[in-house]
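Take a look at the letters that make up each chain.
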Amino acid sequence: MAKVFCIANQKGGVGKTTTTVNLAAGLAKVGQRVLMIDLDPQGNATMGSGVDKRKLEMSVYDVLLESASIAEAKVHSEKCGYDVLGASRDLAGAEVELVAIERRETRLKLALADAASSYDFVLIDCPPSLSMLTLNGLCAANGVIVPMQCEYFALEGLTDLVNTIKQVHANLNKELVVIGLLRVMFDPRITLQQQVSEQLKSHFAEKVFNTVIPRNVRLAEAPSYGLPGVVFDPAARGSLAYLQFAEEMVQRIKSM
Ligand code: ADP
Ligand code: MG
């Protein structure tokens, strides 16, 4: 059965999508069967996996509204080596449409129950908000991966997310845990980043992943080619770090 992880942080631009597609590609490279679900109406993870969101016949929207199963709505990204349940523009409307529906926060979880045996990992790229879409992700997940930059307000921003996760844990999904904090866009030459990194380790101990993702321009360039960095330029420093992170995740789930 697949382990399901949300990549979440309510801040935008912190590396959620970059982490989702590169971890997916990294896991695929080490032989794992991966489904990537794009829960962000912007569809960046879809496009960044070589899937054109404007040409999707079915998407995660159809799955949330129960007009399609995951098996029907997913597509395979040949170049990236994983399946994609994509997001298109209509996903923005799902938020409103779901309001009127019963058990609206568990739609994705139910859909995944049928698909989980086909994968080792399901990775869910969440939008930068604690919305009904993110809630669907959190309800469906075994754990949350939180990418964060080592900046001054990093710890402060975590509080809202941690509180939301606690509430989901208490009321909706007893399994949900924070798997770990992933330091991304790291620049060791910046003293403040080193300090915040140390703070993170002393506050959160083993919840901080060993792997650190460096700031690396190849990771930022890759999406314009519709590819994760790991596929676009496997030898780049950032890509090697995400590959290492994939291996760390494979180890982590052995103890889950
Ligand atoms: P989010 O999904 O949280 O909004 P993104 O993954 O889209 O964040 O990242 C925000 C921006 O930072 C993007 O332009 C992305 O290419 C860039 N970026 C992400 N990670 C790195 C990195 N390690 N090095 C350099 N640029 C990065
Ligand atoms: Mg994103």
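Predicted model, so just to flag it, every value in this text is computed and none were measured. (Residues numbered from 1 in each chain as written. Chains lettered and ligands numbered in written order. Predicted model: local features only at pLDDT ≥ 70, side-chain atom pairs only at ≥ 80, totals over all residues.)

A count of helical and extended segments in the protein gives 12 helices and eight strands. Taking 18 Å as the expected radius of gyration for a compact globule of 256 residues, we find that the protein reaches 17 Å, a close match to that expectation. When the backbone C-alpha atoms are referred to their principal axes, the protein occupies close to 50 × 40 × 30 Å. Counting across all 256 residues of the protein, residues that qualify as buried make up 50%. The long-range fraction of contacts in the protein, counting pairs at least 24 apart against all pairs at least 6 apart in sequence, stands at 78%. (Helix = DSSP H or I, 4+ residues; strand = E, 2+ residues; numbered from the N terminus. Rg over C-alpha atoms; globule rule 2.2 N^0.38 Å. Buried ≥ 20, exposed ≤ 12 C-beta atoms within 10 Å, placed from the backbone. Contact = placed C-beta atoms within 7 Å.)

UniProt's entry tags residues 3-177 with the feature "domain: AAA" (unreviewed entry), counted in the numbering of this structure. Structurally, residues 3-177 comprises 41% helix and 17% strand, and the distance from its first C-alpha atom to its last is 12 Å. (UniProt positions renumbered as here; feature names shortened; annotations may be inferred.)

On to the site of ligand 1. Near ligand 1, the surroundings consist of 18 residues, among which G15, K16, T17, T18 and A220 are the closest. For the shell around ligand 1, the element with the highest residue contribution is helix α1 (residues 16-29), accounting for three residues. Residue classes in the shell around ligand 1 are distributed as eight nonpolar, eight polar and two charged. (Near = placed C-beta within 6 Å. Nonpolar A, V, L, I, M, F, W, Y, C, P; charged D, E, K, R; others polar.)

Take the sheet that holds strand β6 (residues 143-148) next. Within the open sheet, the eight strands sit side by side as β3-β4-β2-β5-β1-β6-β7-β8. Their pairing is mixed. Two strands lie at the open edges of the sheet, namely β3 (75-77) and β8 (208-214), each paired on one side alone. Sheet twist, expressed as the average angle between the axes of neighbouring strands with direction ignored, equals 25°. The pairing of strand β7 (residues 177-186) with β8 spans three bridges and is parallel. (Pairing = 2+ DSSP bridges. Axes fitted to C-alpha atoms, helices over the stretch in contact; angles between N-to-C directions.)

This paragraph deals with the packing of α1 against helix α12 (residues 237-254). It is at 8 Å that the axes of α1 and α12 come closest, and there the two elements cross at 70°. The angle between α1 and α12 places the two elements in the roughly perpendicular class. Crossing of α1 over α12 shows right-handed handedness. Seen from α1, the contacting residues are N22, L23, G26, L27 and K29; seen from α12, they are Y242, L243, F245, A246 and M249. Class assignment for the residues of the contact of α1 with α12 results in seven nonpolar, two polar and one charged. (Parallel < 35°, antiparallel > 145°, perpendicular 65-115°, else oblique. Left-handed = near helix turned anticlockwise from the far one by under 90°.)

Glancing now at the pairing of β6. Most of β6 sits out of view: six of its six residues are buried. Residues of β6 alternate between two faces, with G143, I145 and P147 on one and V144, V146 and M148 on the opposite face, all of them buried. As judged from the three bridges shared by strand β1 (residues 3-7) and β6, these two strands associate in the parallel manner. By the bridge assignment for β6, I7 is matched with I145. The parallel pair β6 and β7 is bridged by helix α8 (residues 154-171), and the resulting crossover is right-handed. (Right-handed = clockwise from strand over helix to strand, strands pointing away.)

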